[in-house]
Amino acid sequence: DVHYRAVGDPRGLGEGTGLAAYRILQEALTNAVKHGAGTAEVSVEHTPGATTIEVANPIPTPAGIRGEGHGLTGIRERVQAHGGTARIGPDGGRWRVVVTLPTETPELRP
């Protein structure tokens, strides 16, 4: 089960940044299904300057999750390419992915 909450207007999100946001959310939910224990909570918040995506799900045992997979690397690379920030890892018995992407990215960074 996924509990979803969206706030704000996504229209300021550019095409490239929107695609990155979609792929980040897709990867975070895939990881929740593969490695999580139970439901996932998704929050997407659009503000005038940024979009923040948060995915949190219970994890079976925090000690057993290392957070070093290729999917997480892809999330970090997408965030970096669009000038955003990412916090990924265990947080009080939950796995949490929190990504903030600037609303307008003039061009991808190398």
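Okay, so let's go over this structure. Small disclaimer: the values here were computed from a predicted structure and weren't measured.

Cut-offs and rules
Residues numbered from 1 in each chain as written. Predicted model: local features only at pLDDT ≥ 70, side-chain atom pairs only at ≥ 80, totals over all residues. Heavy atoms only, no water. Pairing = 2+ DSSP bridges. Helix = DSSP H or I, 4+ residues; strand = E, 2+ residues; numbered from the N terminus. Polar contact = N/O pair within 3.5 Å; in protein donor to acceptor, adjacent residues only side chain to side chain. Contact = heavy atoms within 4.5 Å.

A look at the pairing of strand β4 (residues 85–91)
Logical step 1: Of the strand pairs in this sheet, β4 and strand β5 (residues 94–102) are connected by seven bridges, and their pairing is antiparallel. Along β5, the bridge assignment pairs P90 with W95.
Logical step 2: Where β4 folds back on β5, the antiparallel hairpin that results is connected by two residues, among which G92 adopts a positive phi of roughly 60°.

Thoughts on the side chain of R96
Logical step 1: With respect to the secondary-structure elements, R96 resides in strand β5.
Logical step 2: Of the polar contacts made by the side chain of R96, one reaches the side chain of E54; its length is 2.5 Å.
Logical step 3: Engagement of the side chain of R96 in a polar contact is seen with the side chain of D91, the distance being 2.8 Å.
Logical step 4: Not counting chain neighbours up to four residues away, the residues in contact with R96 comprise E54, V55, A56, R87, I88, G89 and D91.

Thoughts on the side chain of S43
Logical step 1: Along the polypeptide, S43 turns up in strand β2 (residues 40–46).
Logical step 2: Only 2.9 Å separates the side chain of S43 from the side chain of R5, close enough to count as a polar contact.
Logical step 3: With sequence-adjacent residues up to four places away left out, S43 is seen in contact with R5, T52, I53 and E54.

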